[in-house]
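Fold and geometry: a report
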Amino acid sequence: GVRKSRDMVVEVEPLEEASVRRLLSIVWSNLDDPLTQTVKQVQALFQVLADIQALQGMEGMTFLEGVMGDLLALPGRRKGKYLPLAMLVPRLGTCAVLARRPDLLEDMLESLKDETVGCAAAQLLGTLLEHLLVELRHFKDGTLAAATEGPAARKAAAASAGPEAELAAGAGPEAELAAGGDTRKLKNCAAYFLPLPLKQDGAGSLMALLSGLLELPATEEARSEEAGQGAALVALLKVARGLGIFQQLEERILIEGQEFALPRAWLEAALVHAEESVRLDSLELCCVALRQAALPGSLELHLVRGAIPYNMRVSSSSFRNKFVTLLRKMLARVRTATDRAGTVQRLQAKHTGSGGAQYGLLQGLDDAGSAAAASRDEAVACCEDFVRWLAQFMIGCLYPGAPFERKSIAIEVLLTITDTWAPPAVAATVVESKAPPAKTDRAINPYTAAILSPGAVQVLLGAVVDSWDRLREGACSLLMAYPVPLPGLEGAEAISALLRWAAALLRSPRVREADAAALLLRLLFRKYVLVSRRYRLHFHPKPRAELLPVAEGAGEAAATRAGPGAGGAEGGGKRHGEKFRSGAAAVERASAVKGAGVSGEAARACCTHLGGLCDLLEAHLDACAKDVIQAAADHGLGHGPLLAIRYALGEICFDNKEGDAARSEVRALLQRLLELVLRVSSVAMWALSDEGCRQINMRVSDVVALRDHDGKGLEVEEEEEEMNTLEEGDIGDQRLLAPRAQKVLSSCWLAMKEVGLVVSQIMRSVPNERDLGGAEGRSDGAASLAEGDLLDAEQLGRTGSTFLEALLAIKHSGALEKMRMGFSGLAQRLLNSSRDGLRQLPSEWLDRLLAHLHAPNQSLDDVTRRSAGIPGTFLALFMAEPSNCPKTILPRAMQALLQVAGGTAEGAAELGPVPRVHAFNCIRVVFNDTDLAVDTGFLCAQALEISIAGFGDTCWEVRNAAALAFGALLARMVGYMNVRVAAAARRSTTGSEFFHRYPPLHPFLLQQLRMATVQFQPQCAGEAAWRRAAAMMHCKLVLAGRVEGTAGGEMAARRKVLQHREYEARKGALKVLCATAPGVVAARTSVAEFRRALVQRMHGEREYSCLRRVLQLLYVLPAAGDAWVASAPKWAEWQQLMELARSSPFARVQEEAVRCLGRTLPHLLLPASRDGAGGAVPVEAADALKAWGSLIDERSDPAMPTSSRSATVDALQAASGLLGAVPADSSEGPLGPLHEASLSAWLVALRLMEDDDPDIRCAAAHSASFALRGGEKEATAAEVREGSVPQVAPQQPTNPPQQEQRVLASSLPFLTRHFARALIYRQYLFKQIIGPEEQLAIAQHADMKLFDKEEDNQYAEPIYVSQLAAQELQGLLASPSGGTAVRDGELTAQAVEWHVQLCERLHEHLTQLEEMLPQCCWKGALTNHQEAFLRTYRLLLGLLSLVPISAVAPKETSERVVPLLERLVQLPSQPLVCNLLAKLLKVYSDFSSSAKTVTAEVVSVLGVELDAGFQPGFLLGAEYSL
């Protein structure tokens, strides 16, 4: 122990050796305990023990050195060793630790693979660096010369220039991280290690680390690892910039007088790295600065601009959100910095002649002083150019048919731009104000004329009709931010045209079109009724917009009401950090109408608008009264008008007293609306009730007629026959666009869904009478009405009763969910009412609900779909109770449910098991709800006892429901899967804690255990079965290599079980072998012998499961040098595998055979290694290559199942060396068989890089990326074999060094260099440009179809690949000097043939468009439809890529092209099509005088639609141009 004497001299009593060993054993056994408190206690114990030993002189120091050696000997992954080592460093010294373990830093870096170790290792590193500072000072004085001998001393001496000595001396591990590409270690190193030296001595540490990283040897291997080196450089710079060591990211950064040149190629490679975290870190380095007012540099803008095109199609929603967040920060930084620069410029201009004192203030405001004015102006111009390019690029990404990922990011970024810089006001015909335009202080304007043009509005209107809810709402939010009136929609006729289109879409039975129509109506309501107040919208009988007369001063009033999103006033439209929301969330408001603009006039305008929508809904209901089935098939049961009403209600503010004059009108309108809602519910209830579902869902073969109210029937079988005989592309009768029964059922579900949502919206929007006098006006661009009792009490009661009946009758889960929302909102309003009668209604509904549980004559059909709406109704009542007062409904209802579930309720025996099943289903739903966890916690123990007791019920339905309720209770009481990983063990619930929380469960569970023990009696037959199982387990362990045995015996055992007569024996043996690591299998037997046994089994196996596992073993069996070559496959085996791959009746066997073919193919090329130059191979090998290429081409088709395409990409990876077998010079003779096979494999890889599955894309890019890096020289067949057979077959492919999009963009230039003369490759380029030859399918009533066939590949973007192919084809046709001459006669003839084919196809396409134009109206012209746009743009792009042949035959090409372009000019076109058309006409104007005339006409007609900087390859990066 330690004792202090009177003179403060410390006296130490040494501990006994046994006590020390005991204490150390306690410490060692608890260092890695999952509980933090335990670890802290043992660390404190070790601290005290170390203090005691340090006070005992040399003996104690010797003991501590031994402990240090023991700790250093522990593996790096042991988290518990680092903190004790950190405690020993102050006592023993850093140099002593490094002398004992020179590779300590390398070991710590290796441990960073485990994130849980990083924090503890960082504490040790920080302690080492802290004490190294002190030791280095003594080292310079020579006082530690004796103590610093060896490697540690040399490291410290080499790094003595700075306090970051250990990390600087460890530049080797840093370089290893950069070259190795282990992004996980690098990420943890940046998070835990790098901040330590940079915080202690930032500049010195950064210089040492940068020097070590940038001075890597410039070898070929290092140059190929730019992605890894770039990731390391980004990690270092990001940490240093975050600590403020340097401010501006430039190509040359200055640190304490020393200049460092940052490799731009490294940073660019990091921005397209395969790892998402690396790309985000790189983008954050470029976008985020420590000083928000610092102008982005040219390098930052260049890097961000280059990275954006490659990250627009990432599948990960998390990455997209982070990507948009970083761009939002970048734009906010640009806004702040440019505004500051503009302020400085104006102040300097204002005070140019002022005295020195004022100028000194300005000089202090401007960090760079007056000498940097030119540089500042240049930086501001670069920022404006970047933001304008970004806005234009994002508008282009909204082209018709763009993938969801691209559109989602584009809309988010455009919304960010409109939030950061409000769109400027434009001339409007509806606002005839003479007021001067508002002043603006912003330094840049991101809006070009093309962005605010009518064409851009048409693009956004087309995006509103997207199939994704999120995109529709985002596009509508973006249009809300545009000025009033919307460009292109200035007059009543234009608004009426859009209104008619929306009204037509509102009749669609699909949510896609109906929701789009409702959003369009909401847009028009906001812009032209609430803000402009110049129009009135009529919906029935004919949709039209009426221009109201202009009252005196109305124009000025409307102009003052127009906020930044509505009229373009500067500065008020920021919504930083906000974004559009999905689902039922309202579209964000983009205008701000203050209290002065709220009046009874506005309230009456709202009533008129809602009244018109009610007229439309009533017209639908009148049609339903005549023929409900026909009405449902034609326009639904009113879900479209209900949806429009719901959106309109979200725009109206009812809680302001300015609308007292219209109070009676509002009350009458709401009463009418609720009556119509009840009518819709009664009409739709018959189809969603049990009886309706039985009629609607009956089989076609039953030939039962669906009867409507008039007794008219529809023979389902006849209708299905008509649907089957309807030819593809034939529109026919609208009734045949879907089976009528499906339309009826869909219409009823949609109607009931909207009924629930509309009632919920009314309950939220209309204030309760309790709120009288307590609300203030909202500034949300909506009109406001007076408070008061606007809803009739009797009507509310009838609405609740109707909802309760519907919830107890229908079975459709979607309708139940939405109805529950409306019922809960209604009950909440009633419970908050000041009237006693209304407050009692929810309790009465609860009594009816409980009585329904005991309803007589219930059958097991009543418990289907987990008792349908009963649990949701209970949940709705529970959620409706106010949170600020004691619950009354929940305790009473739960006690009743528990009694019913336990079988103790009155009359339970007579009613049978159905009430108990209902109760258990309700208990499960209630305890699954997180919001009710606190309120139901006191019932958990009782509910668990009842659930466990239900396990013993004789009825299976009760046992099943009890088990489900038990699962919900267990997750609520204990947690869900929270002990699967060590990090979560500390959050797990122990037995002591569990029974302390729920004391009644301990005796109950103990009693249940006693009962189970008494009932259990072992059986003799069971003991024999266990003995047989033990023997079989020993056999499996031998097969798996888990127990010892002789090699010969194991091989004999394997051969025996592989040839066993019993199918189950073979299946079990093969299953064990497949689960065993290939290395273990190879180490315990001969690879060649085992492979021959597997091949023999493959010849004779007929069982599907066994054959599949035999093929799996053949694929994963490792290559073992000569043993593999000795067992090389023969042609007979190849033929058998090919036969299995093509004709096996089992799909999974086919897939495994394809994988084996990919693994086997390189071995068949072995004879070609002697004379493989020029791609020559033996005849048999050539046939095999051809057959394999055809096979993978078939199985990589997007229409094939995902498992088939996955097998194809695995086979491609196994034979990935084939991708590198490219000819060295494309100008040589014809391709050999090996080169043809390589090209075929490349074309398959390109298709798979556009696959819908992200894992398949990653694997294909992985294979292609290595070929891109190593394919600069011709590969022989032997090299193909050596490079394509890995030592161990990869189970999961690693990430490629670059992301898939970048690999795809790099692949076509690579193939052009090596296969430019290959006819197959040229034809591939041409086909990718123009697309497949098929008829244009734009149905006139396509919006009336219930279901559309989804595309096989929704990720693929044909127009992107078309632009890449056009770039390469144009480069092939152009001469090396950059002229327009064609390189050779063969290519010229082929290009002329393509030109003729393109013109013929364009002629056919224009003919179709001209025929469809009078019949099919699509907003923004036919070419704004995705199918028509894609076809038109690709054909025009093909003509542009063939422009170089015009110099060979200018007259002929002009005569073919110009008339077609003149026809296209006469058709209204999408803006991108217009710009490409203008570019084509401008090119051909050099060869034709008529083209010049047409070009002038196009420019004069389109005007603002044309973009001077338009690029036909608008999706490609900045390095691409057409």
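Look up a bit, the structure's there.
As a starting point, this report considers the structure included with it. Computed from a prediction, not measured in an experiment: that's the story for all the values here. (Residues numbered from 1 in each chain as written. Predicted model: local features only at pLDDT ≥ 70, side-chain atom pairs only at ≥ 80, totals over all residues. Heavy atoms only, no water.)

**Brief notes about the overall build of the chain**
The criterion, for reference: Strands are runs of DSSP state E lasting at least two residues, helices are runs of H or I lasting at least four, and both sets are numbered from the N terminus onward. Partly exposed residues are those whose accessible area sits between 20% and 50% of the maximum for their type, while under 20% is buried and over 50% is exposed, using a 1.4 Å probe and protein chains only. Working rule for contacts: check all heavy atoms of both residues, and any pair within 4.5 Å makes them a contact. Per-residue and other accessible areas were derived by the Shrake-Rupley procedure at a 1.4 Å probe size, with only the shown protein chains allowed to occlude residues.
On a plain count of helices and strands, the chain comes out with 69 helices and eight strands. The proportion of buried residues among the 1522 residues of the chain is 53%. Long-range pairs, those at least 24 residues apart, make up 77% of the contacts in the chain with a sequence separation of at least 6. If you sum the accessible surface of the chain, you get close to 64,800 Å²; carbon and sulfur atoms cover 53% of it.

**Comments concerning the packing of helix H44 (residues 940-950) against helix H45 (residues 956-973)**
Put simply, the rule reads: Orientation is described by lines fitted to C-alpha atoms, with helices fitted over the stretch in contact, and by angles between N-to-C directions that extend from 0 to 180 degrees. By definition, turning the near helix anticlockwise from the far helix through less than a right angle yields a left-handed crossing, and turning it clockwise yields a right-handed one. Lys, Arg, Asp and Glu make up the charged group, whereas Ala, Val, Leu, Ile, Met, Phe, Trp, Tyr, Cys and Pro make up the nonpolar group; the residues left over, Gly among them, are polar.
Closest axis-to-axis distance for the H44/H45 pair is 8 Å, and the angle between their directions is 145 degrees. The handedness of the crossing between H44 and H45 comes out as left-handed. Across the interface between the two elements, Cys940, Ala941, Ala943, Leu944, Ser947, Ile948 and Gly950 of H44 pack against Val958, Arg959, Ala962, Ala965, Phe966, Leu969, Arg972 and Met973 of H45. In terms of residue class, the contact of H44 with H45 is built from eleven nonpolar, two polar and two charged.

**Quick notes on the pairing of strand E3 (residues 252-255)**
To keep things clear, this is the line we draw: In this description, strands pair whenever DSSP reports at least two bridges between them.
Every second residue of E3 is oriented toward a common face, the buried set being Ile253 and Ile255 and the non-buried set Arg252 and Leu254. Bridge count for E3 against strand E4 (residues 258-261) is four bridges, and the pairing is antiparallel. In the sheet register, Ile255 faces E4, and the bridge partner there is Gln258. Hairpin connection from E3 to E4: two residues lie between these consecutive antiparallel strands, with Glu256 at a positive phi of about 50 degrees.

**Description of unusual backbone geometry**
Most peptide bonds adopt trans geometry, and most residues besides glycine take a negative phi value. Cis rather than trans, the peptide bond between Val484 and Pro485 has omega equal to 0 degrees. Looking at the secondary structure, you find Pro485 in the loop between helix H24 (469-480) and helix H25 (492-506). Here His540 and Pro541 are connected by a cis peptide whose omega angle stands at 5 degrees. By secondary structure assignment, the location of Pro541 is in the loop between strand E5 (535-538) and strand E6 (544-547). One non-glycine residue with positive phi stands out, namely Arg866, at about 50 degrees. Using a relative accessible area of 42% as the deciding quantity, one classes Arg866 as partly exposed. At Ala868, a position not held by glycine, the phi torsion is positive, near 50 degrees. By the element assignment, Ala868 lies in the loop between helix H38 (864-867) and helix H39 (869-880).

**Concerning the nonpolar core**
We apply this condition: By convention a nonpolar core is built from buried Ala, Val, Leu, Ile, Met, Phe, Trp, Tyr and Cys residues, the set being connected through side-chain atoms within 4.5 Å.
With 396 residues, the main nonpolar core has Leu237, Ile308, Phe874, Trp1188 and Tyr1433 as its most contacted residues. Apart from the residues within four sequence positions on either side, Leu237 is in contact with Leu210, Phe246, Leu249, Ile253, Leu262, Leu267 and Leu285.

**A short note on the packing of helix H36 (residues 813-831) against H39**
For clarity, the threshold we go by: Our angle categories are set so that under 35 degrees counts as roughly parallel, over 145 as roughly antiparallel, 65 to 115 as roughly perpendicular, and the remainder as oblique.
Interaxial distance between H36 and H39 falls to 8 Å at its minimum, and their mutual angle equals 30 degrees. The angle between H36 and H39 falls in the class roughly parallel. Here the hand of the crossing between H36 and H39 comes out right-handed. Where H36 approaches H39, its residues Leu816, Arg820, Phe823, Ser824, Ala827, Gln828 and Leu831 are matched on the opposing element by Gly869, Gly872, Thr873, Leu875, Ala876, Leu877, Met879 and Ala880.

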